[in-house]
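# Working through the structure, step by step
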Amino acid sequence: MKLGFVSDSLGGMPFEALLDNAARLGVSGVEVNTGGWSTAPHFDLQAMKASADARRDLVNAFESRGLEIVALNANGNPLHPTQPEQAECLKDTIRLAGDMGIKTVCTMSGLPAARAGDLMPNWVVSSWPPETQEILRYQWEEKLLPFWTEIATLAKEYGVERIALELHGNQCVYNVPSLLKLRAAVGPLVGANLDPSHLFWMGADPLVAAEALGDAIYHVHAKDTMLNAPVQAKTSLLENGSLTDIAARSWSYITLGFGHGEEWWRQFCYRLRMAGYDGWLSVEHEDVLLNSLEGLEKSIALLKGVMPVAGSDFKPQAI
């Protein structure tokens, strides 16, 4: 496995300083945010579209420090009913990835409105009342599947080999069955960006998810979640309070090891290897209480102690 981090983890830091810190921390690469819900402070999408020199300069800045571009990340809602720029950001990111020789693009599946003419996305999380089933039919058959069929064609055209969808709440694809359903419909170009932090707050088990996904795991975000049991007991894990009011929330994103200890992350890495995954672990720091650089340092230090790096050389002895 290789270790990297998401560029927005150090979003307040200038680009050159970000790369210098990446080299100092001993990671192998950085996953670069390009837009969507990110302001993309380290990637000027329009400038990259306009200039091959700008694209070469970006790649050279990484290579001069012995770093790789792990993936381009266009996390947003590409099926938003009133924000077509979200889908255009994803399409532009795929084209740029192809031009730059980057094989993986990370994104979200998207979440449409509940019906034609609605202005806001609508996430169905239960099977009743009965209208929920009509919402799901509309979202999948009339929006999600046509869009991802188009995106798969675009990715193949530009030589992008993997679209890694984050299993994330408020998206049509948010768990193992929904990922496998979309993958079966549009083909193996679509796989999972397995981020345990989201599965924790939705009540799933990332260890079991890794086994179930197997070779459909295309990328891994290393991010932790603290489950605040006293609050959860009163409010459940369906949480819509302020992300910054940690004490009042039933769950919060947190630095690796502060929500689940080293033993859990050791098991997670091993389960990934059991599933056949030997790709990137990309730390995504979103802890609002810890300093971003300190939190990133602690997360990287934890993963360095538990992630397998060298290939297996075990061979049974001839007896």
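The sections below set out a description of the structure shown in this document.

Criteria and thresholds
Residues numbered from 1 in each chain as written. Predicted model: local features only at pLDDT ≥ 70, side-chain atom pairs only at ≥ 80, totals over all residues. Heavy atoms only, no water. Pairing = 2+ DSSP bridges. Helix = DSSP H or I, 4+ residues; strand = E, 2+ residues; numbered from the N terminus. Axes fitted to C-alpha atoms, helices over the stretch in contact; angles between N-to-C directions. Contact = heavy atoms within 4.5 Å. Core = buried A, V, L, I, M, F, W, Y, C linked by side-chain atoms within 4.5 Å. Buried < 20%, exposed > 50% of the residue type's maximum accessible area, 1.4 Å probe, protein only. Salt bridge = Lys/Arg side-chain N within 4 Å of Asp/Glu carboxyl O. Phe/Tyr/Trp six-rings, centres within 6.5 Å; stacked < 30°, edge-to-face > 60°. Arc of directions from axis to C-beta. Polar contact = N/O pair within 3.5 Å; in protein donor to acceptor, adjacent residues only side chain to side chain. Left-handed = near helix turned anticlockwise from the far one by under 90°. Parallel < 35°, antiparallel > 145°, perpendicular 65-115°, else oblique. Nonpolar A, V, L, I, M, F, W, Y, C, P; charged D, E, K, R; others polar. Right-handed = clockwise from strand over helix to strand, strands pointing away.

With parallel pairing, 8 strands are arranged side by side around a closed barrel as β1-β2-β3-β4-β5-β6-β7-β10. Looking at each pair of strands side by side, their axes are set apart by 30 degrees on average, direction ignored. Where strand β5 (residues 162–166) lies against strand β6 (residues 190–194), 4 bridges are found, and the strand directions are parallel. For Glu166, the partnering residue across the bridge sits in β6 and is Asn193. The sheet strands contacting helix α10 (residues 262–274) are β6, β7 (217–222) and β10 (280–283), and the helix crosses β7 at an angle near 170 degrees.

Of all hydrophobic cores here, the largest spans 89 residues; its most connected members are Phe5, Trp148, Leu194, Leu272 and Leu303. Leu303 has contacts with Leu3, Ala222, Leu256, Trp265, Leu281 and Val283, leaving out every residue within four places of it along the chain.

Applying the stated criterion across every chain yields a total of 22 salt bridges. For Arg137, the salt bridge goes to Glu141, with nearest N and O atoms at 3.4 Å. Here Arg137 and its partner Glu141 are both found in helix α5 (residues 131–157), 4 residues apart, which amounts to about one turn of the helix. The exposure class of Arg137 is partly exposed, given its relative accessible area of 29%. Residues Lys298 and Glu294 are paired through a salt bridge, measuring 3.7 Å at the closest nitrogen-oxygen approach. Taken together, the positions of Lys298 and Glu294, both in helix α11 (residues 292–306) and 4 residues apart, correspond to about one turn of that helix. Here the salt bridges do not stand alone but share partners, grouping Glu134, Arg137, Glu141 and Glu142 into one network.

This part is about the packing of aromatic side chains. Under the counting rule described, the total for this entry stands at 9 aromatic pairs. With centroids separated by 4.7 Å and ring planes inclined at 5 degrees, the aromatic side chains of Trp201 and Trp251 adopt a geometry described as stacked. With a gap of 50 residues between them, Trp201 in helix α7 (residues 196–202) and Trp251 in strand β9 (residues 251–254) connect regions that are remote in the sequence. Across this residue pair, the class does not change: Trp201 and Trp251 are buried.

Among the residues of helix α8 (residues 206–213), those classed as buried are Pro206, Leu207, Ala209, Ala210 and Leu213. Down the axis, α8 shows its buried residues gathered within 160 degrees of arc, on one side only. Tucked into the core, α8 has its buried residues touching α6 (176–186), β6, α7, β7 and α10. At the N-terminal boundary of α8, the capping side chain belongs to Asp205, with an oxygen 2.9 Å from the backbone nitrogen of Leu207. Positioned one or two residues after α8, Gly214 has a phi angle of 55 degrees, which is positive.

Along the chain, Trp128 connects to Pro129 via a cis peptide bond; the corresponding omega equals 10 degrees. Note on placement: Pro129 falls in the loop between β4 (104–107) and α5. Here Ser236, not a glycine, exhibits a phi torsion of approximately 80 degrees, which is positive. The partly exposed category is assigned to Ser236, whose relative accessible area is 30%.

Further remarks concern the packing of helix α1 (residues 15–25) against α11. Look at α1 against α11: their axes get within 11 Å of each other, and the N-to-C directions meet at 30 degrees. When you trace α1 past α11, the crossing you get is right-handed. Facing Asn21, Arg24 and Leu25 of α1, the residues of α11 in contact are Leu293, Leu296, Glu297, Ile300 and Lys304.

It is worth spelling out the packing of α6 against α8 at this point. For the pair α6 and α8, interaxial distance at closest approach is 10 Å and the crossing angle is 20 degrees. Here α8 runs roughly parallel to α6, going by the angle between their axes. You can see that α6 and α8 cross each other, and the crossing is right-handed. Contact residues: Val176, Leu179 and Leu180 in α6; Ala209, Ala212 and Leu213 in α8. Looking at side-chain class alone, the contact of α6 with α8 contains 6 nonpolar, no polar and no charged residues.

On to the pairing of strand β3 (residues 68–73), then. Looking along a regular strand, one sees side chains alternate from face to face of the sheet. In terms of burial, β3 is largely enclosed, as 5 of its 6 residues are buried. Pairing of strand β2 (residues 29–33) with β3 involves 4 bridges; the strand directions are parallel. From the neighbouring strand, Asn33 faces β3, where its bridge partner is Asn73. Both β3 and β4 contribute to a ladder of 2 bridges, which runs parallel. Paired with Leu72 across the strands is Val105, a residue of β4. In the classification by handedness, the crossover that spans β3, the intervening helix α4 (residues 84–100) and the parallel β4 is right-handed.

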